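Chains, contacts and geometry: an overview
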Amino acid sequence: VQLQASGGGLVQVGDSLKLSCAASGSSLTGYAMGWFRQAPGKEREFVAVISRSGGTPKYADFVKGRFTFSKDNVKKTLSLQMNSLKPEDTAVYYCAASRRVIFSSLSDPNFYDYWGQGTQVTVSS
């Protein structure tokens, strides 16, 4: 599967932004799909994920109540609605997919084999 992320940009504190990720080359059925981010000088970290079996997304604590992750298997797209953005949300955001990740490792980027190119989100104060 190939992934292409888009939608990043420069926003102000408290603004909203919606990221999208278009998938091609394969059905998304059977893939865990997630969003990760990486700030300068920091490791890539988990933001939100939907497991291979689907269901309710799992979120990192620092985005709960602010971000909403959705997946459309028919359109083969992912989206990440980000509200109430903070300066610490500044990072490159990546969409990712995996067929092998188990439930207990959903937040571990090392278990994801397919990555989009990343889209920059900058939140200015």
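Residues numbered from 1 in each chain as written. Predicted model: local features only at pLDDT ≥ 70, side-chain atom pairs only at ≥ 80, totals over all residues. Heavy atoms only, no water.

**Some words on the layout of surface pockets**
Considering only enclosed or pocket space, the largest pocket measures out at about 180 Å³ in volume. Surrounding the largest pocket, 13 residues form its lining, Arg-37, Lys-42, Glu-45, Phe-62 and Glu-88 being those nearest its centre. Looking at side-chain class alone, the lining of the largest pocket contains 3 nonpolar, 2 polar and 8 charged residues. (1 Å grid on protein atoms, 1.4 Å probe; cavity = no way out; pocket = protein on both sides within 12 Å on 5 of 7 lines; lining within 4 Å. Points joined across faces, edges and corners; volume = space filled by probe spheres on them. Nonpolar A, V, L, I, M, F, W, Y, C, P; charged D, E, K, R; others polar.)

**Here's the deal with the state of the cysteines**
In this structure the tally under the stated criterion is 1 disulfide. At a sulfur-sulfur separation of 2.1 Å, the disulfide partner of Cys-21 is Cys-95. Judged by the sign of its S-S torsion, about 70°, the cystine formed by Cys-21 and Cys-95 is right-handed. Of this pair, Cys-21 sits in strand 3 (residues 17–24) while Cys-95 sits in strand 9 (residues 91–98), placing them 74 residues apart in sequence. A relative accessible area of 1% means that Cys-21 is categorised as buried. (Disulfide = S-S within 2.5 Å. Helix = DSSP H or I, 4+ residues; strand = E, 2+ residues; numbered from the N terminus. Buried < 20%, exposed > 50% of the residue type's maximum accessible area, 1.4 Å probe, protein only.)

**Comments concerning the sheet that holds strand 1 (residues 2–6)**
Spatially, 4 strands are ordered 1-3-8-7 in an open sheet, and the strand pairing comes out antiparallel. Each edge of the sheet is formed by a strand with only one pairing partner; in this case those strands are strand 1 and strand 7 (67–72). Neighbour-to-neighbour, the strand axes of the sheet open up by a mean angle of 15°, direction not taken into account. (Pairing = 2+ DSSP bridges. Axes fitted to C-alpha atoms, helices over the stretch in contact; angles between N-to-C directions.)

**Details of the packing of aromatic side chains**
One pair of aromatic rings is described through two measures. These are the centre distance and the angle between the planes. A complete count under the given rule lists 6 aromatic pairs for this structure. Ring centres of Tyr-112 and Trp-115 lie 6.3 Å apart, and the angle between their planes is 65°; on these two criteria the pair is classed as edge-to-face. Here a set of aromatic residues connected by ring pairs shows up, and it is made of Phe-36, Phe-46, Tyr-94, Tyr-112 and Trp-115. Between Arg-44 and the ring centre of Trp-115, over which it is positioned, the NZ or CZ distance is 4.5 Å. Lys-58 extends its terminal NZ or CZ atom over the ring of Phe-46, reaching a point 5.8 Å from the ring centre. (Phe/Tyr/Trp six-rings, centres within 6.5 Å; stacked < 30°, edge-to-face > 60°. Lys NZ or Arg CZ within 6 Å of the ring centre and 35° of its normal.)

**Here we look at the nonpolar core**
Grouped together as the largest cluster of nonpolar side chains are 38 residues, with contacts concentrated most on Trp-35, Phe-69, Leu-80, Met-82 and Tyr-93. Contributions of two or more residues to this core are made by strand 1, strand 3, strand 4 (32–38), strand 5 (45–51), strand 7, strand 8 (77–82), strand 9 and strand 11 (119–124). Residues in contact with Phe-69, not counting those within four places in the same chain, are Met-33, Gly-34, Trp-35, Ala-48, Val-49, Ile-50, Pro-57, Tyr-59, Leu-78, Ser-79 and Leu-80. (Core = buried A, V, L, I, M, F, W, Y, C linked by side-chain atoms within 4.5 Å. Contact = heavy atoms within 4.5 Å.)

**Some details on the pairing of strand 11**
Burial along strand 11 is one-sided: the face carrying Thr-119, Val-121 and Val-123 is buried and the face carrying Gln-120, Thr-122 and Ser-124 is not. Pairing of strand 2 (residues 9–12) with strand 11 involves 4 bridges; the strand directions are parallel. Residue pairing across strands places Gln-12 opposite Ser-124, the latter belonging to strand 11.

**Considerations on the environment of Ser-124**
Take Ser-124: it is sitting in strand 11. Sequence separation of Ser-124 and Gly-30 is 94 residues, and the distance between their C-alpha atoms is 38 Å. Those residues in contact with Ser-124 that lie beyond four places of it in its chain are Leu-10, Val-11, Gln-12 and Val-13.

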